[in-house]
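Architecture at a glance
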Amino acid sequence: MRLIPMTLSLALLTSCGNSSPEGEDQITPVTRSSIDLILNNPRNTRIKSLPLDRESKRAFALERAADLVIEFTGEGRFDIGVGRIKSADGNSYRDPHYFSLGELVEFFDDQRHKDLIVVNFHKAAWIRDSLESDIARINDYFRDRGYRRVVICQFTSSSRPIHSDTKFRQ
């Protein structure tokens, strides 16, 4: 079972539309004031999200097709989808456990399906030099573990840019 981060569903909900007198949709960005309209949607109000850009659509399609989707934090740690389940106010959530690449060597070596892995960098802004060295290090690490294709994306508030795709590397 593959867990989809809660941020995915929130990232896809980016705006709401109201019908204008002319019958054209008005797109309003999600803000603290407009979120109530979205959550308490009256029946006569249409909810609509802005279209995703082509690269984001491709990134989400790659995630759906991936053998494994993991997250990379700005501190150089990885979330592979494990952690304690905690409850607060009647809601359950996963408290992620983060690992270093060294701690995960056997985990990735033992994976059976290694056609495609997607690594999502957290939303924080990355220094260009650090980003390039992290991308190279992660690509090399997973190629050494036997993965045929490594795709590196980044979480953002409105899109999912693809930083690297080893499919296109010579």
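Residues numbered from 1 in each chain as written. Predicted model: local features only at pLDDT ≥ 70, side-chain atom pairs only at ≥ 80, totals over all residues. Heavy atoms only, no water.

In an α-helix, one full turn covers 3.6 residues, which means residues spaced three or four apart are oriented alike. With 17 residues, helix 5 (residues 128–144) ought to run about 24 Å at 1.5 Å a step, and its terminal C-alpha atoms sit 24 Å apart, in line with that. Listed as buried for helix 5 are Leu131, Asp134, Ile135, Ile138, Asn139, Tyr141 and Phe142. Take helix 5 and look down its axis: the buried residues cluster within an arc of 160 degrees, on one side only. Residues Asp129 and Asp144 are exposed on helix 5 and point more than 90 degrees away from its buried face. The elements touched by buried residues of helix 5 are strand 3 (68–72), strand 4 (78–88), helix 4 (105–109), strand 6 (117–121), strand 7 (150–154) and strand 8 (162–165). Phi for Gly146, located one or two positions after helix 5, is positive at around 100 degrees. (Helix = DSSP H or I, 4+ residues; strand = E, 2+ residues; numbered from the N terminus. Expected span 1.5 Å × (residues − 1). Buried < 20%, exposed > 50% of the residue type's maximum accessible area, 1.4 Å probe, protein only. Arc of directions from axis to C-beta. Contact = heavy atoms within 4.5 Å.)

What follows is about the sheet that holds strand 4. Sheets are built from strands paired through backbone hydrogen bonds, the pairs being either parallel or antiparallel. Pairing within the open sheet is mixed, and its 6 strands lie in the order 5-4-3-6-7-8. The sheet is open, and its two edges are formed by strand 5 (91–99) and strand 8, each paired on a single side. Each strand axis lies, on average, 35 degrees off the axis of its neighbour in the sheet, ignoring direction. Bridge analysis of strand 7 against strand 8 gives 3 bridges, and the strand direction is antiparallel. When the sheet's bridge partners are listed, Cys153 is paired in strand 8 with Ile162. Sheet strands touched by helix 5: strand 3, strand 4, strand 6, strand 7 and strand 8. Its angle to strand 6, the strand with the most contacts, is close to 155 degrees. (Pairing = 2+ DSSP bridges. Axes fitted to C-alpha atoms, helices over the stretch in contact; angles between N-to-C directions.)

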